[in-house]
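Coordinate analysis (summary)
Given next are the chains, with one letter for each unit.
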Amino acid sequence: MRLEEFIEGIERDEEQHKRQLAQEKSYAITEYLADVEQQINETVQGDSLFGSTAPSIFVGRSGYPRVSAGVLAPVASDAPATDYVTSGEWYRQGVTIDDVFQTRAGLLNSTQPTDIHVADEWDGFTGVRREVAIADRPVDVEVDLENTPSLDMAVDRVATPHGPRAHASDAQLTENPHVPRAVEKTLSDDDWRAEGAMTYLYNRGFDVYDINTILSAGALGQRRNRTLVPTRWSITAVDDTVSQFLRGSLRNAPTIDTVEVRRETYLGNEFWVLLAPGNWEFELVEMKSPGSVWNPGREGYWIASDYEGFGGRTQYVEETAGAYYAARLAVLEHLIERDRQAKALVLRDVTDDYWGPVGVWLIRETVRDALSNAPATAESFHRAIGQLREQLPIGGPELRRNSELVAGVQSDLSAFLDRNR
């Protein structure tokens, strides 16, 4: 399908960009917290959380290298523990922002202050936390609490929000966790560096969601160097490490031969993914609407962008944070499937419908889904950008100022026209 035909089939709802949180958004999460408080009162017996099933862990970053690290367990027993785990399944189910916040509000984070250096420690609360992380299914636990859980919701640009927190004095497993053989292999090798272990697990079918939990628990890397990794950092570290491996595999691959354009929307985010012939380059440009979660007080759009050339990046991105690594991974996975390389530009329009941050899984899964669709095609990258301008919330000059790839194409075109005058 030609790009102009694809665009004609898209109806932009301009009113969608004008609605404000107070007019449109649900406040069910506020009411739901009252239900969570009641569930806590019913579930927490004295100073213990009995018979809960822990699907995951959380490691904070405040105070690093002494951090708050905890076991996540539902305070209600009427839903499968797997429903509380961040994964691509949420995207396939089409969860809403309310769904995410309500689910995570019902997940108690029982924490202890912990030094990150865990090496081969598998006793006590640290051991329980690591056993939960390496298991391939939720594990039954009993947690001893020191105080009544706090109902404050914690949100982040990268990690999924989490709900009530309480200090834990101890925890015990009430069943033996099942650990996949591939994870046992990485644990048994004392000298296997974390980067190699991550790519090993990825190549054996573990998605990045599983790997970042294992990494966060300090269960990867050389035994003497194993440390807890804050959840926010582990998410980005796994996306980055796997992406570097995939990019290296494409270094000598042929390029695609046509400009391809794909689009997908989810939770108030619109993504345009452009692939063009040429050696690997990647850029993410985020356009954040006034009233959206990361631009609540400005009058105009906030533009953020980060770029890398054929050799990749050596420094952490400054403007787009974990979104960059999540989007880049999705693009590289697609190119690996085709054994092709390309110049890739991802444009993300964050509308004011995106009222609460749910984590970078949204970016990763939406871009993955976009790339699973059949593309529209354009005669050139420059032509594709020209045709998309009316679909974007910012003008062409502003896009050129904020995009290395778009500015580079414009520069090349100007030089060509100058030579042919």
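In this text the structure is predicted, and so the values were computed from the model without any measurement.

1. Some thoughts on the sheet that holds strand β11 (residues 302-308)
- Across the sheet, six strands lie side by side as β11-β10-β12-β9-β8-β13; this open sheet has mixed pairing. The open sheet terminates on both sides in strands that have one partner only, identified here as β11 and β13 (376-378). On average, adjacent strands in this sheet sit at an angle of 20° to one another, irrespective of strand direction.
- Alignment of strand β10 (residues 281-288) against strand β12 (residues 343-350), held across eight bridges, turns out to be parallel. Paired with methionine 287 across the two strands is aspartate 349, which belongs to β12.
- Contacts from helix α13 (residues 381-388) reach β8 (259-266), β9 (269-276), β12 and β13, with the element oriented near 160° to β9.

2. As for the layout of surface pockets
- Here the largest pocket defines a volume of roughly 680 Å³.
- Taken together, 38 residues form the lining of the largest pocket, with Ser56, Val85, Thr86, Tyr209 and Thr213 sitting closest to its centre.
- At the level of secondary structure, the elements contributing two or more residues to the lining of the largest pocket comprise β3 (56-59), α6 (124-134), α9 (208-216), α10 (231-249) and α12 (361-372).
- Here the lining of the largest pocket gets six residues from one element, more than from any other, and that element is α9.
- Broken down by class, the residue content of the lining of the largest pocket amounts to 21 nonpolar, eleven polar and six charged.
- Summarising the domain contributions, the lining of the largest pocket has at least three residues from each of domain 1 (44-245) and domain 2 (252-419).
- Estimated volume of the second largest pocket: approximately 400 Å³.
- It is strand β7 (residues 165-173) that provides the largest number of residues to the lining of the second largest pocket, a total of three residues.
- Residue composition of the lining of the second largest pocket, grouped by class: seven nonpolar, ten polar and four charged.

Rules and cut-offs
- Note that residues are indexed from 1 along each chain, following the sequence as it is written.
- Under the rules for a predicted model, residues below a pLDDT of 70 receive no local features and side-chain atom pairs below 80 are neither given nor counted, while totals for whole chains, interfaces and linings still include all residues.
- With hydrogens and water excluded, all non-hydrogen atoms of the structure serve as input to the side-chain values.
- Following DSSP output, two strands are said to pair if at least two bridges run between them.
- Going along the chain from the N terminus, every DSSP run of H or I of four or more residues is numbered as a helix, and every run of E of two or more is numbered as a strand.
- Axis lines are fitted through C-alpha atoms, for helices just across the contact stretch, and the angle between N-to-C directions can take any value from 0 to 180 degrees.
- Residues are treated as being in contact if the distance between any of their heavy atoms lies within 4.5 Å.
- Here a cavity is any set of points on a 1 Å grid over the protein atoms alone where a 1.4 Å probe fits but cannot get out, and a pocket is any open set with protein on both sides within 12 Å along at least 5 of 7 lines; a residue lines the site when it has an atom within 4 Å of a point.
- Grid points are joined across faces, edges and corners, and a volume is the space filled by probe spheres set on the points.
- Just so you know the grouping, Ala, Val, Leu, Ile, Met, Phe, Trp, Tyr, Cys and Pro go in nonpolar, Asp, Glu, Lys and Arg go in charged, and all remaining residues, Gly too, go in polar.
- Throughout, the edges of the domains are those of an automatic or database domain assignment.

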